[in-house]
Amino acid sequence: MIDYKDIDKKPDNKTYPFKSISSVLILFALFIFLFLAIYFYTLYTREYYVLKYVAISGNHVLSADTIKSLTLTNKASCINNHDEEDIYSSLIINPWVKMAYVAKIYPDTIYIKILERKPYGIVQSNEKIFIMDKSGNVIDTYKKGLNLDMSKLPLIITEKQNDVNKPFLIKAILEAYRKLDKLGKINYIEIISDSHQLVHFANAFDVEIDSLNCPSKAFEHLRKEWRNLLRKRKRLKSVSICFSDKFVLSWKKERKR
C-alpha cells in the first residue's frame, strides 16, 4: 500500500509553544542579569566613586567657595550623581563667567575651569556701584565677597543712573581715563552730560573733556603743556582740552579784600 503525502501542506509545528517559552525565559534571565549588574554597579560606585575633590581654575574675582555654592547644589556623595551639564548651566548664567569647562576625573574629582569677564572700571550712581567691562557694559553690581580691588579700577561718578546704560559713553570715558592717567593720578571722572565730563586729578587739578568728541591731538597737546598748566593750578578752576590746538581756561574768581 502506497502512502501518498501532500508535500505542499506545511506540517504542524508542534514545538512552537516550547520555543516561545524558551524565548521568554531567556529574556527574563537577561532582564535579571541586567538588573543585578546595574544594582551591583551602583553599590560599587557609591562605595568607591565618592566625590571628594572639586578642582577649580581660572577664577580671580569669584572665590572657590562661591563657585562651589553655584554648582554643587546636589548633595549626593557619588560622583556619578553630579551632572556636568547641570554644573555648566549653573556657571554660565553667572554674569562673571564668560566661558566654562566641566569634567569628571574618576574616581573622586570634578574639575571646573572658567574664564571670567574682566572688569575695566566702575560707575558709582548714588549708593550703587556698577562694575563695567571694556565695552562699557555692566558686568554686575558690586557685592561683598568679590575678590576685587576697587582702588585699582577707574572710577566714574554720575547722579543719573541712566548713564550706566550708555555703553558708548562709558567706553569713551574709560578710554579717555587711561590716556589722562598717564599724566597724573585721577581720583574720579564726573559725568555732567554726554558731552561734558570733569576729570578730577589727585593734585586738585580739574580737566574738562567731551570724551565722545575729543581728538587725539588734544591729549598730546595737554601732555606737552601739562607742567606749565600745573604751575597755574592755584588760579585755574578747570581746563577744557578737547580742541586740536588750544585750551579753554576757566579761572577762579578772586576774593575781594
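Scroll up to find the structure.
Residue alternation in strand 10 (residues 206-209) divides its side chains into two sets, Asp206 and Glu208 and Val207 and Ile209, and both sets are buried. Across 4 bridges, strand 9 (residues 196-201) lies against strand 10 in antiparallel orientation. Paired with histidine 200 across the two strands is aspartate 206, which belongs to strand 10. Hairpin connection from strand 9 to strand 10: 4 residues lie between these consecutive antiparallel strands, with alanine 204 at a positive phi of about 70°. For strand 10 and strand 11 (residues 236-240), the ladder comprises 2 bridges, and the chain directions are parallel. For valine 207, the partnering residue across the bridge sits in strand 11 and is valine 239. What joins strand 10 to strand 11 is helix 5 (residues 216-230), and the crossover it makes is left-handed.

Let us now look at the sheet that holds strand 9. Judged by pairing direction, the sheet is mixed, and its 9 strands sit side by side in the order 6-5-4-7-8-9-10-11-12 without closing on themselves. Strands with a single pairing partner mark the edges of an open sheet, and in this sheet they are strand 6 (138-141) and strand 12 (248-251). On average, each strand axis in the sheet is tilted by 25° relative to the strand beside it, whichever way the strands run. Two strands pair when backbone bridges link them, and strand 5 (residues 128-132) and strand 6 are joined in this way by 3 bridges, in the antiparallel orientation. Bridge pairing links methionine 132 to valine 138 in strand 6. Here helix 4 (residues 167-180) sits on the sheet in contact with strand 4 (121-125), strand 5, strand 7 (155-158), strand 8 (186-193), strand 9 and strand 10, set at roughly 145° to strand 8.

Turning our attention to the packing of aromatic side chains. Applying the stated criterion across every chain yields a total of 4 aromatic pairs. For the ring pair tyrosine 49 and tyrosine 106, a centre distance of 5.1 Å and an interplane angle of 55° mean the geometry is tilted. Residue tyrosine 49 is located in the loop between helix 1 (16-48) and strand 1 (53-57), and its partner tyrosine 106 is located in the loop between strand 2 (97-105) and strand 3 (109-116); the two are separated by 57 residues in the primary sequence. Looking at tyrosine 106, the relative accessible area reads 43%, which means it is partly exposed. Relative to tryptophan 226, the ring of phenylalanine 201 has its centre 5.0 Å away and its plane inclined at 55°; by these criteria the two rings are tilted. Residue phenylalanine 201 is found in strand 9, and its partner tryptophan 226 is found in helix 5; the two are separated by 25 residues along the sequence.

So, on to helix 4. A rise of 1.5 Å per residue sets the reference length of helix 4, with its 14 residues, at 20 Å; its end C-alpha atoms lie 20 Å apart and thus fit the reference within 8%. Among the residues of helix 4, Leu169, Ile170, Ala172, Ile173, Leu174, Ala176, Tyr177 and Leu180 are the ones counted as buried.

One way to put it is that helix 4 packs onto helix 5 with a least axis distance of 11 Å and a crossing angle of 25°. If you check the angle between helix 4 and helix 5, you find them roughly parallel. Taken as a pair, helix 4 and helix 5 cross one another with a handedness that is right-handed. On helix 5, the residues touching Ala176, Lys179 and Leu180 of helix 4 are Ser216, Phe219 and Leu222. When the residues that make up the contact of helix 4 with helix 5 are grouped by side-chain class, the tally is 4 nonpolar, 1 polar and 1 charged.

Membership of the largest hydrophobic core comes to 32 residues, with the highest contact counts inside it found for Leu180, Val199, Phe201, Phe205, Val207, Ile209 and Ile241. Listed by contribution, the elements that provide at least two residues to this core are strand 5, helix 4, strand 8, strand 9, strand 10, helix 5 and strand 11. Leaving out residues up to four positions away in the same chain, isoleucine 209 has contacts with Ala176, Leu180, Ser195, His196, Gln197, Val199, Ile241 and Cys242. Val61, Ile87, Ile112 and Leu148 belong to the second-largest nonpolar core, a separate cluster that totals 22 residues.

Turning our eyes to something else, we now look at the packing of helix 2 (residues 64-71) against helix 3 (residues 84-92). Where helix 2 meets helix 3, the closest approach of the two axes is 8 Å, and the angle between their N-to-C directions is 125°. Between helix 2 and helix 3, the angle is such that the two are oblique. The crossing of helix 2 and helix 3 is right-handed. Every residue of helix 3 that contacts helix 2 at Ile67, Leu70 and Thr71 is listed here: Ile87, Ser90 and Leu91. By residue class, the composition of the contact of helix 2 with helix 3 is 4 nonpolar, 2 polar and no charged.

We now examine the side chain of serine 240. On the secondary structure map, serine 240 appears in strand 11. On the basis of relative accessibility, which here comes to 18%, the residue serine 240 falls in the buried class. In this structure, serine 240 is in contact with Glu208, Phe247 and Val248, ignoring residues within four places of it in sequence.

What counts, and where the lines are drawn
- The residue numbering used here restarts from 1 in each chain and proceeds along that chain's sequence as written.
- For this predicted model, a pLDDT threshold of at least 70 governs which residues receive local features, and a threshold of 80 or more governs which side-chain atom pairs are given and counted, while totals over whole chains, interfaces and linings are taken from all residues.
- Just so you know, side-chain values use all the structure's heavy atoms and leave hydrogens and water out.
- Only protein chains enter the calculation, and the probe is 1.4 Å; a residue is then buried if its accessible area is under 20% of its type maximum, exposed if over 50%, and partly exposed in between.
- Helix and strand definitions here come from DSSP, where helices need a minimum of 4 consecutive H or I residues and strands a minimum of 2 consecutive E residues; each element is numbered from the N-terminal end.
- Here, strands pair whenever DSSP counts at least two bridges between them.
- A crossover counts as right-handed when, viewed with the strands pointing away from the observer, the path leading from the first strand over the helix to the second turns clockwise.
- The axes used here are C-alpha line fits, helices contributing only the stretch in contact, and every angle between their N-to-C directions lies in the interval 0 to 180 degrees.
- The contact definition used throughout considers only heavy atoms, calling two residues in contact when any of these lie within 4.5 Å.
- Aromatic contacts are taken between Phe, Tyr and Trp rings whose centres are within 6.5 Å, Trp giving its six-membered ring; a plane angle under 30 degrees counts as stacked, one over 60 as edge-to-face, and the others as tilted.
- Multiply 1.5 Å by the residue count of a helix minus one, and that product is the helix's expected span.
- In these notes the angle categories are as follows: under 35 degrees is roughly parallel, over 145 is roughly antiparallel, 65 to 115 is roughly perpendicular, and the rest is oblique.
- Crossings are sorted by hand: turned counterclockwise from the far helix by less than a right angle, the near helix makes the crossing left-handed, and turned clockwise it makes it right-handed.
- Note on residue classes: Ala, Val, Leu, Ile, Met, Phe, Trp, Tyr, Cys and Pro are nonpolar, Asp, Glu, Lys and Arg are charged, and everything else, Gly too, is polar.
- Within this scheme, the nonpolar core is defined by two criteria: the residues are buried Ala, Val, Leu, Ile, Met, Phe, Trp, Tyr or Cys, and they are joined through side-chain atoms within 4.5 Å.

Keep in mind that these numbers describe shape and distance, not what the molecule does.
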